[in-house]
Structure formats: C-alpha cells, structure tokens
Amino acid sequence: MLKVGLTGGMGSGKSTVKEIFSLLKIPVFDCDFEAKQLLEKDSGVVDSVKSLLGADSYKNGKPDKKYIAAKIFENKELLAEMNNIIHPVLLVIYHKWVEQNKDCPYSVMESAILIESGYYKDVDKIITVNAPETIRIERVVKRDKVVYETVKKRMEAQITDVERDKYADYIIMADENELVVPQILKIDSELKHLKYENDPRIGIDNQ
C-alpha cells in the first residue's frame, strides 16, 4: 500500500482536504487526534508530560490544552522535548494502523508537523496544503476564538510554506480562489494508478 503524508500550516485548510479524502473512502490517520488520545489515556505519556511541564498541565485528569500550548509554543526546547515524548509512541500506533489497512490502494497520514517531526520519512508521497497567511490567520482566529498575536506566534513555531513545499509531491491551493475538490480528485486518480514497483521512493525508509 502506498503511504501518503498530508500536511500544511495552521489554517491552511488541510482538515477540509482530510475530510474529502475520507469521503473518497481513503483511510486517514489523524496525528493530532491520536496525539490527543495519548495525552489523555497513555499513562507513560501522561507521566512524562507532567514531569516535563509540571502537574498544572493536567486538571481533573485531563490535559490542560491552553496551559500546555502556552508552555510549548513559547519555548522551542520544551516543544522539542514534548515531541520526543509523543512521536515515538504515535509512530508505533501508525504502523499498526497501516498494517490494518494494507489492502487499500493508499492511505493518508495527516499531520501539521509532518516535516518537523520526521514523519515524512515514514511515507512515500507528500501532499501539502497552502493558503495565504492572511487567510490562514483569519481562519484560525475564527475557529479557535483567539487573538491575532496568539495565532501569529503559533505560526512562527512552524516551518514556512516554502520550506514545507520542498518535500511536496503534490501541492493543493486552498486560497478560496481555486476549487479544492478537483485538485484532490486529480491527485486521488494519480495515486490509485501509480505503478508502485516503478517508484524508487516507495519502501526506501522501511527496508
């Protein structure tokens, strides 16, 4: 099975793209959702996070998302350590999920930090979703009910679209000028018709 990575900056529209792939009956592994599950239910992860960020990172047995976000987005070292806690466990879950879906033509791993985390090494093709920064900020402010400065600071913790696109095999524009669905359908068709044995990238990182 071909493994596809889906990524994009905050507010780029990748969640919408993810949902469309799901509607096309393509299995999607949502890294953000799975990471949240680990933060809530994996005792090893919970203990490590409390040790890193303090007991205040949890309230009534649940992770305090605002507290955790404030801590890690203001400190790159803490962000890196947080990622080191979650990413190895998440990859184990992902590989089991891939095995469960191996009969599908391809699957999608959706992650905002596909490149930064190194997850891109575990996929065969990469799709990035782009939109102008002004649109992205407007979307996040509306979605998360936060102020401009908060969104800007979080975006600065991510790599730029230019850096991200260096890894991309496909780029989807979600700028409200181009229709997203036709772009996805084109990529879906190409992925389904790829001759896997002729693609030198497939399997390189898993041999």
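The structure reproduced in this document is the subject of the present report. (Residues numbered from 1 in each chain as written. Predicted model: local features only at pLDDT ≥ 70, side-chain atom pairs only at ≥ 80, totals over all residues. Heavy atoms only, no water.)

### Considerations on unusual backbone geometry
Next, step 1: Of note in the backbone geometry, Lys 25 takes a positive phi value of approximately 70° without being a glycine.
Next, step 2: Within the fold, Lys 25 resides in the loop between α1 (14–23) and β2 (28–30).
Next, step 3: Judged by its relative accessible area of 72%, Lys 25 is exposed.
Next, step 4: Non-glycine residue Glu 176 carries a positive phi angle of around 75°.
Next, step 5: With respect to the secondary-structure elements, Glu 176 resides in the loop between β7 (170–173) and α9 (180–192). (Helix = DSSP H or I, 4+ residues; strand = E, 2+ residues; numbered from the N terminus. Buried < 20%, exposed > 50% of the residue type's maximum accessible area, 1.4 Å probe, protein only.)

### Some details on the pattern of salt bridges
Next, step 1: Counted according to the given criterion, the structure contains 14 salt bridges.
Next, step 2: Between Glu 133 and Lys 152 there is a salt bridge, with the nearest N and O atoms lying 2.6 Å from each other. Of this pair, Glu 133 sits in helix α6 (residues 133–144) while Lys 152 is found in helix α7 (residues 148–156), placing the two residues 19 residues apart along the sequence.
Next, step 3: Under the relative-accessibility criterion, Glu 133 is labelled partly exposed at 37%.
Next, step 4: Judged by its relative accessible area of 24%, Lys 152 falls in the partly exposed class.
Next, step 5: Residues participating in the shared-partner salt-bridge network are Lys 18, Glu 19 and Asp 30. (Salt bridge = Lys/Arg side-chain N within 4 Å of Asp/Glu carboxyl O.)

### Concerning the packing of aromatic side chains
Next, step 1: For the structure on display, the rule yields five aromatic pairs.
Next, step 2: Centre to centre, the rings of Phe 21 and Tyr 106 are 6.3 Å apart; their planes meet at 90°, and the pair counts as edge-to-face. Pair noted here: Phe 21 is in helix α1 and Tyr 106 is in strand β5 (residues 106–110), with a separation of 85 residues, a long-range link.
Next, step 3: When its relative accessible area of 0% is taken as the criterion, Tyr 106 is described as buried.
Next, step 4: Arranged with centres 6.0 Å apart and planes meeting at 25°, the rings of Tyr 94 and Trp 97 form a pair that is stacked. A residue pair is termed a helical-turn pair when its members lie 3 or 4 positions apart in one helix, as Tyr 94 and Trp 97 do in helix α5 (residues 76–100) at three residues. (Phe/Tyr/Trp six-rings, centres within 6.5 Å; stacked < 30°, edge-to-face > 60°.)

### Structural notes on the nonpolar core
Across soluble globular proteins, nonpolar side chains show a tendency to be buried alongside one another.
Next, step 1: Residues Val 49, Met 82, Ile 86 and Met 109 are the most contacted members of the largest nonpolar core, which totals 27 residues.
Next, step 2: For this core, the elements supplying multiple residues, two or more each, are α2 (31–41), α3 (43–53), α4 (65–73) and α5.
Next, step 3: Tallying contributions element by element places α5 first for this core, with nine residues.
Next, step 4: Beyond its immediate sequence surroundings of up to four residues, Met 109 is in contact with Val 4, Gly 5, Leu 6, Phe 29, Cys 31, Leu 91, Tyr 94, Leu 114, Tyr 119 and Val 123.
Next, step 5: Residues Val 17, Val 180, Ile 184 and Leu 191 belong to the second largest nonpolar core, which totals 19 residues. (Core = buried A, V, L, I, M, F, W, Y, C linked by side-chain atoms within 4.5 Å. Contact = heavy atoms within 4.5 Å.)

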